[in-house]
Amino acid sequence: SALMGFGALAFVLFLAGLELGGGWSALALTAGALVLGALLWFHVEFRDTPAGIRHDDTFFRGIQNRGLLGWAFGLALTAFYVLLYFYGDLQARGLPALLARPSQLFDPLAMALSGKPADQWVLYGVLYTLGVWVFGVRMLWKYRHNRYQQIRTGSVMFFQLGFALILPNVLKGLNQPDYYLTYFWPLKSWYGEPDGAHFLWSSGKLGLFFVLFGATMTLVATPLLTWRYGKRWYCSWVCGCGGLAETLGDPFRQQSSKSPTAWEIERWMIHTVLVFVTLSTALLWFNSWRQGQFLGQWSNAFSKSYGFLIGAIFSGVVGVGFYPLMGSRVWCRFGCPMAAILGVFQRLFSRFRITTNGGQCMSCGNCSTYCEMGIDVRSYAQRSENIVRASCVGCGVCAAVCPRGVLKLE
């Protein structure tokens, strides 16, 4: 607590103009102290507890049960995403440069990776990665009895640090496209649109490789890997959105609604987004083939509409900002087109399923409570039915919290 308090105070002083020695010293006194304090907090919280999932006070902590702290945290996350995504527009309307000083704090790291000062997106990338890693350590402590959770958590931590933070910034320093190897169409729709494909194609051999890599992952690897492993290979092991949901969002997984109404809304919304991105991409390619004559003056606005409505508002502002209120997988459940297309493959063709042994089920409800995707797992277990749902991301927490070994990922 003292370390986190010291780090927060140092950060406020840095924002007020105190340099704190500058460079790495300032970074260590602020973010370093906060991170170290949080890690020690998790160590103390779990070190003397028996291995296994703890349910203590899950529904009695205000921040985890839509209490005042939960609403405050949700509003803070939402406000940060609004500021981040609309920073340029807000500055043009008179907003002070609120992110300039926090970004400057990470200049040493940005210079080491890319040779360029940090901007708002470097700030966001570092904070995102810290969220995955710090709460990833919490996951490793909490789920230390479960080998699957240990390996899966280590996987998302690795991909976030290496492929979402370090590699894109190193590429930027080499004047190459800052490509994210963990994202491809339809989740990163720009990579499959004419502007993105033409930009990468004209960026030399490395850009050409990225185009071919994205096409291979979308058209070949996605169906094959989903057939073999289900959508968990991506949603629970690789994806940055899923990585943040599984780590930073873990304390809020029980907030996901398991009602049939929520399931109905989920299916309509996520498949509508998939149709939207598919039609948008097709129309943009048709417009490019017609040299812009099809959409005319609306070409630019149309190409940005998906990125604004889905990429910014849905996946960022709502998807993360609503963690404390609607659970950690709001974006994955209701909006992600990648999750939708993987879900179609999983539901119809995949070998992956969660098998149940209903004779052992004692209806405690832990599996349903902790399903972040809003699946009423207990109802399947009570009927001894295998769980083959398009929305299941194969996180395996339902099996990890079952006290009787009723559930098994196969």
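See the structure printed just above.
In this report, we go over the structure that sits alongside the text.

**Concerning the side chain of Thr182**
Position of Thr182 among the secondary structure elements: in the loop between helix H8 (147-173) and helix H9 (194-201). Overall, Thr182 belongs to the buried group, its relative accessible area being 3%.

**Some thoughts on the environment of Ser328**
Following the sequence through the fold, Ser328 ends up in the loop between helix H15 (323-326) and helix H16 (330-334). Apart from the residues within four sequence positions on either side, Ser328 is in contact with Ala245, Gly249, Phe252, Arg253, Tyr323 and Glu372. Side-chain polar atoms of Ser328 contact the side chain of Glu372, separated by 3.2 Å.

**Some details on a nonpolar patch on the surface**
On the surface, a cluster of nonpolar side chains totalling about 420 Å² of accessible area is made up of Trp227, Val344, Leu348 and Phe349. Mapped onto the elements of the fold, Phe349 is located in the loop between helix H17 (337-348) and strand S1 (354-356).

**Thoughts on the pattern of salt bridges**
Per the stated rule, a full pass over the model turns up 13 salt bridges. Between Arg152 and Glu246 there is a salt bridge; the shortest N-O distance is 3.3 Å. In this pair, Arg152 sits in helix H8 while Glu246 sits in helix H12 (residues 240-247), placing the two residues 94 residues apart along the sequence. For the pair Arg152 and Glu246, a shared accessibility class is recorded, and that class is buried. Between Arg253 and Asp250 there is a salt bridge, and its shortest N-O distance comes to 2.9 Å.

**Things to note about the packing of helix H1 (residues 2-15) against helix H2 (residues 23-47)**
Remark: H1 packs on H2, axes separated minimally by 7 Å, with the N-to-C direction vectors making an angle of 155 degrees. Classified by the angle between their axes, H1 and H2 sit roughly antiparallel to one another. Regarding H1 and H2, the two cross each other, and that crossing is left-handed. Residue-level contacts link Leu3, Met4, Phe6, Gly7, Ala8, Ala10, Phe11 and Phe14 of H1 to Ala26, Leu29, Thr30, Ala33, Leu34, Leu36, Gly37, Ala38, Leu40 and Trp41 of H2. For the contact of H1 with H2, the class distribution of residues is 15 nonpolar, 3 polar and no charged.

Conventions we followed
Residues numbered from 1 in each chain as written. Predicted model: local features only at pLDDT ≥ 70, side-chain atom pairs only at ≥ 80, totals over all residues. Heavy atoms only, no water. Helix = DSSP H or I, 4+ residues; strand = E, 2+ residues; numbered from the N terminus. Buried < 20%, exposed > 50% of the residue type's maximum accessible area, 1.4 Å probe, protein only. Contact = heavy atoms within 4.5 Å. Polar contact = N/O pair within 3.5 Å; in protein donor to acceptor, adjacent residues only side chain to side chain. Patch = residues over 30% accessible without salt bridge, like charges linked within 9 Å, V, L, I, M, F, W, Y side chains within 5 Å. Areas by Shrake-Rupley, 256 points an atom, 1.4 Å probe, with all protein chains shown as cover. Salt bridge = Lys/Arg side-chain N within 4 Å of Asp/Glu carboxyl O. Axes fitted to C-alpha atoms, helices over the stretch in contact; angles between N-to-C directions. Parallel < 35°, antiparallel > 145°, perpendicular 65-115°, else oblique. Left-handed = near helix turned anticlockwise from the far one by under 90°. Nonpolar A, V, L, I, M, F, W, Y, C, P; charged D, E, K, R; others polar.

Keep in mind these values describe shape, not function.
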